[in-house]
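Architecture at a glance
Residue-level listing of the chains:
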Amino acid sequence: MRALGQRLPEKSFLGIERLLGRFRSAAVKAAKIRNVRVLRMESSYVVRYLLPPRSVETFYLLFPDPWPKRRHWRRRIVTPDLLKAVSQALVHGGNLLIATDHLSYFEKIKEIAQANLDLAAVDPASVDLPQSRFARVFQQQGAAIHWLELRNLSLVR
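The rules behind these values
Residues numbered from 1 in each chain as written. Predicted model: local features only at pLDDT ≥ 70, side-chain atom pairs only at ≥ 80, totals over all residues. Heavy atoms only, no water. Salt bridge = Lys/Arg side-chain N within 4 Å of Asp/Glu carboxyl O. Helix = DSSP H or I, 4+ residues; strand = E, 2+ residues; numbered from the N terminus. Buried < 20%, exposed > 50% of the residue type's maximum accessible area, 1.4 Å probe, protein only. Phe/Tyr/Trp six-rings, centres within 6.5 Å; stacked < 30°, edge-to-face > 60°. Lys NZ or Arg CZ within 6 Å of the ring centre and 35° of its normal. Pairing = 2+ DSSP bridges. Axes fitted to C-alpha atoms, helices over the stretch in contact; angles between N-to-C directions. Contact = heavy atoms within 4.5 Å. Core = buried A, V, L, I, M, F, W, Y, C linked by side-chain atoms within 4.5 Å. Right-handed = clockwise from strand over helix to strand, strands pointing away. Polar contact = N/O pair within 3.5 Å; in protein donor to acceptor, adjacent residues only side chain to side chain.

**Regarding the pattern of salt bridges**
A side chain with one charge can pair with a side chain of the opposite charge if their charged atoms come near. Enumeration according to the criterion identifies five salt bridges in this entry. A salt bridge links Glu57 to Lys11, with the shortest nitrogen-to-oxygen separation between them at 2.8 Å. With Glu57 in strand β3 (residues 56–62) and Lys11 in the loop between α1 (2–7) and β1 (13–17), the pair connects residues that are 46 residues apart, well separated along the chain. Taking the shortest distance from any N to any O, the salt bridge between Arg151 and Glu149 comes out at 3.7 Å. With relative accessibility at 6%, the residue Glu149 sits in the buried group.

**A few points about the environment of Ala135**
In this fold, Ala135 is placed in helix α6 (residues 133–140). Spatially, the C-alpha atoms of Ala135 and Phe63 are 8.0 Å apart, while their sequence positions differ by 72 residues.

**Let's talk about the packing of aromatic side chains**
Scanning the model with the defined rule gives one aromatic pair in all. Centroid distance Tyr45 to Tyr49: 4.9 Å. Interplanar angle 50 degrees. Geometry classified as tilted. Here Tyr45 and its partner Tyr49 are both found in helix α3 (residues 43–50), four residues apart, which amounts to about one turn of the helix. The side chain of Arg75 reaches across the aromatic face of Trp67, ending 4.9 Å from its centre.

**Some thoughts on the sheet that holds strand β4 (residues 90–100)**
Pairing in this open sheet of four strands is mixed, and the strands run β3-β4-β6-β5 from one edge to the other. Two strands in the sheet have a free side with no partner beyond their single neighbour: β3 and β5 (119–122). For this sheet, the mean inter-axis angle between neighbouring strands, taken without regard to orientation, is 20 degrees. As paired strands, β3 and β4 are joined by six bridges and run parallel to one another. Paired with Phe59 across the two strands is Leu96, which belongs to β4. Together, β3, β4, β5 and β6 (146–152) form the strand contacts of helix α4 (residues 80–89), whose direction differs from that of β4 by roughly 140 degrees.

**Quick look at the nonpolar core**
Ranked by size, the top nonpolar core spans 22 residues in total, and within it Phe59, Val78, Leu83, Val86, Leu96 and Leu148 carry the most contacts. The set of elements that each furnish at least two residues to this core consists of β3, α4, β4, α5 (103–114) and β6. Discounting residues that sit within four places of it in the chain, Phe59 has contacts with Val47, Leu51, Val86, Ala89, Leu90, Asn95, Leu96 and Leu97. If you look at the next biggest cluster of nonpolar residues, it comprises seven residues, including Leu4, Phe23, Val36 and Val38.

**Some thoughts on the pairing of β4**
Taking burial as the measure, the 11 residues of β4 include eight buried ones, the bulk of the element. Viewed along the sheet, the connection from β3 through α4 into β4 turns out right-handed. With six bridges connecting them, β4 and β6 associate as antiparallel partners. Its bridge partner being in β6, Leu97 is matched across the sheet by Glu149.

**What to know about the side chain of Asn152**
With respect to the helices, strands and loops of the structure, Asn152 is situated in strand β6. A polar contact of 3.1 Å, which involves the side chain of Asn152, links it to the backbone oxygen of Leu90. Residues in contact with Asn152, not counting those within four places in the same chain, are Arg54, Ser87, Leu90, Val91, His92, Gly93, Gly94, Asp118 and Leu119.

Now the structure itself:
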């Protein structure tokens, strides 16, 4: 987030992190950049209840916890309700970029996204994000990174 904020000083960035350690680390880095803020809260709550409609150009959901055990799947962040809330918060033509190293979770995310009529998958080949710590770790382990970019098609809701 820091590198993206530095790269795009004319944009405002809000990082959302639930875990205290990660929040503290992000907050220390964000304090040095004028256009980046960090909020310690559950991401899905922020998207559903705190962001005004049509207020976000781009959401970045990078390496969400895959909760690989079937009994934990209910804890996954990408749900039909979340994607509906994202589509309402996005401007028309806004994007949601999702990255994960977990193939079965990626397939499930695509399945959920296909059921949302307000979001359409587009070619994520143009993704030019600074590499996150998670991306570096996964690539060093030889894991494939799966990208999905969804564009908001809804005009008004």
